[in-house]
Amino acid sequence: MSQDEYDVAVVGYGPVGMATAALLGRAGHSVVVVERYGGLYNLPRAAIFDDETMRTFARLGIAERLLPTLHVQRNYEWRNGAGELLIEHDFAATGRSGWAEWYMMYQPELEESLDAVCRASGVEVRLGSAVTAVHQDADGAVLTTADGRSVTARYVVACDGGNSFVRRALDVGMDDYGFAEPWMVCDFRFTRPVDLPTALQLGDPARPTSIISLGPRHHRFSFMLDDEGDFAVESAPEKVWARVADRLTPDDAELIRVATYTFRSLVAHRWRAGRILLAGDAAHQMPPFLGQGMCSGVRDGQNLAFKLDLVLRGAVDDALLDTYQPEREPHVRAVTEKGIELGRMQTIRDPGRAAERDRELLARRAAHQAPESIRFPGLGGGMLAAGGPGRGALSEQGRVLGPDGRTDLLDQVVGDGFHLLVADAHLAALDLPALAAAGVRVVGFGDRPGQQEGATVVVDVDGTYRRWFDGLGAAAVAVRPDLYVFGASADAAPLAAELLAALGAPVPALAER
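Residues numbered from 1 in each chain as written. Predicted model: local features only at pLDDT ≥ 70, side-chain atom pairs only at ≥ 80, totals over all residues. Heavy atoms only, no water.

Asks: Kindly report on unusual backbone geometry, identifying the contributing residues and their values.
Replies: Despite not being glycine, Asp-171 has its phi angle at roughly 60 degrees, a positive value. Here Asp-171 is to be found in the loop between helix H5 (165-169) and strand S12 (174-190). Since its relative accessible area comes to 66%, Asp-171 is described here as exposed. Even without a glycine there, the phi angle at Leu-483 is positive, about 85 degrees. Within the secondary structure, Leu-483 is located in the loop between strand S26 (476-479) and strand S27 (485-489). (Helix = DSSP H or I, 4+ residues; strand = E, 2+ residues; numbered from the N terminus. Buried < 20%, exposed > 50% of the residue type's maximum accessible area, 1.4 Å probe, protein only.)

Asks: Tell me about the UniProt feature "domain: FAD-binding" (unreviewed entry) in the protein, and name the residues and values.
Replies: In the numbering used here, UniProt assigns the "domain: FAD-binding" (unreviewed entry) feature to residues 5-337. Annotated as 27% helix and 34% strand, the span residues 5-337 places its first and last C-alpha atoms 40 Å apart. (UniProt positions renumbered as here; feature names shortened; annotations may be inferred.)

Asks: Would you mind going over the packing of aromatic side chains in detail, with residue names and values included?
Replies: This model, assessed by the stated rule, comprises 19 aromatic pairs. When the centroid spacing of 6.0 Å and the interplanar angle of 70 degrees are considered together, the rings of Trp-468 and Phe-469 count as edge-to-face. With relative accessibility at 6%, the residue Trp-468 sits in the buried group. Given a relative accessible area of 7%, Phe-469 falls into the buried group. Three or more aromatic residues link up through ring pairs in this structure, and these residues are Tyr-76, Trp-78, Phe-91 and Trp-102. Geometry around Phe-223 places Arg-243 over its ring, the cationic atom sitting 5.0 Å from the centre. (Phe/Tyr/Trp six-rings, centres within 6.5 Å; stacked < 30°, edge-to-face > 60°. Lys NZ or Arg CZ within 6 Å of the ring centre and 35° of its normal.)

Asks: Tell me about the domain arrangement of the protein, residues and numbers included.
Replies: When the domains of the protein are assigned, the result is domain 1 (5-64 + 106-176 + 266-344) and domain 2 (393-503). Using only C-alpha atoms to locate each centre, domain 1 and domain 2 end up separated by 29 Å. The partner domain 2 presents 17 residues to the 15 residues of domain 1 that form the contact. Here domain 1 packs against domain 2, burying approximately 1400 Å² in sum over the two surfaces, 49% of which is carbon and sulfur. (Domains from an automatic or database assignment. Contact = heavy atoms within 4.5 Å. Buried area = accessible area lost by both parts, 1.4 Å probe.)

Asks: Account for the environment of Val-485, naming residues and giving values.
Replies: For Val-485, the location among the structural elements is in strand S27. Here Val-485 falls in the buried class, since its relative accessible area comes to 1%. Along the backbone, Val-485 and Leu-379 are 106 residues apart, and their C-alpha atoms lie at a distance of 8.8 Å. Look past the residues within four positions of Val-485 in its chain and what remains in contact with it is Leu-384, Gly-390, Arg-391, Gly-392, Ala-393, Leu-394, Ser-395, Trp-468, Val-477, Ala-478 and Val-479.

Asks: Summarise the pattern of salt bridges; cite the residues concerned and give the values.
Replies: Considering all chains together, one arrives at 36 salt bridges under this definition. In this structure, the salt-bridge partner of Glu-77 is Arg-79, at a minimum N-O distance of 3.0 Å. According to the relative accessible area criterion, Arg-79 is partly exposed, its value standing at 23%. For Arg-349, the salt bridge is made with Asp-226, and the minimal N-O distance between the two is 3.0 Å. Taken as a pair, Arg-349 in the loop between helix H9 (324-346) and helix H10 (351-366) and Asp-226 in the loop between strand S15 (218-224) and helix H6 (231-234) lie far apart in primary sequence, 123 residues in all. Arg-349 sits in the partly exposed class, given a relative accessible area of 29%. By sharing partners, the salt bridges in this structure join Asp-4, Glu-124, Arg-126 and Arg-149 into a single network. (Salt bridge = Lys/Arg side-chain N within 4 Å of Asp/Glu carboxyl O.)

Asks: Go over the sheet that holds strand S6 (residues 85-90) with me, naming the residues and quoting the values.
Replies: On the basis of which strands lie adjacent, the open sheet formed by eight strands has the order S6-S5-S13-S14-S15-S12-S16-S19 and mixed pairing. Strands at the two margins of the open sheet, each flanked by one partner only, are S6 and strand S19 (284-285). As defined by bridge partners, S12 adjoins S15 across seven bridges and the pair is classed as antiparallel. Bridging from a neighbouring strand, Val-185 pairs with Ser-222 of S15. Sitting on the sheet, H9 touches strand S5 (75-80), S6, S12, strand S13 (199-203), strand S14 (209-213), strand S16 (253-268) and S19, and the angle it makes with S12 is about 65 degrees. The strands touched by H10 within the sheet are S5, S6 and S13, with S6 carrying the most contacts at an inclination of about 55 degrees. (Pairing = 2+ DSSP bridges. Axes fitted to C-alpha atoms, helices over the stretch in contact; angles between N-to-C directions.)

Asks: Now, about the packing of helix H2 (residues 51-59) against helix H8 (residues 293-312): what can you tell me, with residues and values included?
Replies: Close contact between H2 and H8 brings their axes to 10 Å; oriented N to C, the two are set at 50 degrees. If you check the angle between H2 and H8, you find them oblique. Once H2 is placed against H8, the crossing between them reads as left-handed. The residues of H8 that touch H2, namely those facing Glu-52, Thr-53, Thr-56 and Phe-57, are Met-294, Cys-295, Val-298, Arg-299 and Gln-302. Among the residues forming the contact of H2 with H8, the class breakdown is four nonpolar, three polar and two charged. (Parallel < 35°, antiparallel > 145°, perpendicular 65-115°, else oblique. Left-handed = near helix turned anticlockwise from the far one by under 90°. Nonpolar A, V, L, I, M, F, W, Y, C, P; charged D, E, K, R; others polar.)

Asks: Quick one: what's the story with the sheet that holds strand S4 (residues 71-72), residue by residue and with numbers?
Replies: Taken together, the three strands give an open sheet; going across it, the order is S3-S7-S4, and neighbouring strands pair in antiparallel fashion. Here the strands that pair on one side only, and so sit at the sheet edges, are strand S3 (48-50) and S4. By the bridge criterion, two bridges tie S4 to strand S7 (residues 102-104) in an arrangement that is antiparallel. Considered in S7, the bridge of His-71 is made with Met-104. Contacts from H2 reach S3 and S7 within the one sheet, and its direction differs from that of S3 by about 85 degrees.

Asks: Requested: an account of helix H13 (residues 464-472), with residues and values cited.
Replies: Side chains three or four residues apart in an α-helix point the same way, a direct result of the helix having 3.6 residues per turn. Listed in full, the buried residues belonging to H13 are Thr-464, Tyr-465, Trp-468, Phe-469 and Leu-472. Taken end-on, H13 shows its buried residues confined to a sector of 115 degrees, consistent with a single buried face. Counted as exposed and oriented over 90 degrees from the buried face of H13: Asp-470 and Gly-471. In the stretch just after H13, Gly-473 is the one whose phi turns positive, near 65 degrees. (Arc of directions from axis to C-beta.)

Asks: With reference to specific residues and values, describe the nonpolar core.
Replies: One recurring pattern in soluble globular proteins is that nonpolar side chains are buried together. Ranked by internal contacts, the top residues of the largest apolar core, which has 123 residues, are Phe-49, Phe-57, Leu-420, Leu-430, Val-440 and Val-442. Counting residues domain by domain, this core receives three or more from each of domain 1 (5-64 + 106-176 + 266-344) and domain 2 (393-503). With sequence-adjacent residues up to four places away left out, Val-442 is seen in contact with Leu-420, Leu-427, Leu-430, Leu-432, Leu-435, Gly-454, Ala-455 and Thr-456. (Core = buried A, V, L, I, M, F, W, Y, C linked by side-chain atoms within 4.5 Å.)

Structure (structure tokens):
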């Protein structure tokens, strides 16, 4: 293979492209990234990620490096123009994925960590290489870049943002929900400690505003504009400082960025065109009110990375890639639609309607009615077991005691990849060498930790897995590398057989009985 021929080419080197490239590089594939900018963007765009995304970052080995740069957010307030609390969402210190449910970040610090992982994983990074043409045939895809070079790859993952060149070159249309709002985003770097709200939405009909932390050293104020054209005037530094004067002064911070965004809600009609796949904002855009834009893109990357790994290794046919959009799109649409709902509620501009909203929400609080829980759907179909409890749900992760005497989250003890989690009494019914050969990490839960050929026995320190298994009525749960449940069963052997079949591996006779 020449230097310009790769297994996968990733277009775009933001967090989604970085995570996708790193996952594939760590799996042993030859990966190149082409990025139009000459360096890391070095300015914040996304601000929030959740525990599921942090679990991905932990698998990439950067969680501990990130933690000092993050702010763990425990609640999210919605107030009206008078400052009255309308809604308060609480977030757990430990979520389903074993990490805090909500982190506030300064994106350049995240990108520095992801860039280091990519380079350490053997990913070739070509900065200053804008893609100018895309061609594909039955054997691969060719990207032509502005510097006159070309890249040939078996597959291409386009993570090149909302204005994706690749999506436009493929003539892929977008489904528009019709939600479009112009906002001005103002980012500050602290020069001294300041007491500011860390996650606040102000539903002031005169000036809807968002105030959020970007980690310990940065903060963001966002203001809804009446019209995109207002940005030219309102972005003047003296205008920005006047807007924030009641909370922040030039003695407290420096203004590092003012940008305008129109928050949109779009979903691409096709996420796969032959050997080219769209991910992140190239495939979907959503309003920021749930903080799920980057998270959704990282989920795309996780889903694609493990499927491309199987295809590139020849374990399965590339028809597996056809499950990508059916698995991810319902989740994306659910998040988008909830974000639109919240956005429309926060940005009511009519004072009469805003007062009506306030009365209703204040009455709910007075009656001690908790706000509706924000729950995201699992997977409804695709690469999943034929049936069983928990199928397609996001998996849980807890602390375990491993054979080396260390207590940590499961991923850090046994590694990533496919997991088959079983009560240790079921280990004898499994063909452990066959599962190991297929790349499945078998984890048994017992009274004491230990290691045997093809399986790791751990202790469920906090009872996380006991409660999860009891809730499912299961003795075995198979988890995909993207953290979603392949299937669960009261009998480990049939579940193992179904997983092996899905991975294109031989199914042992023992598991078939």
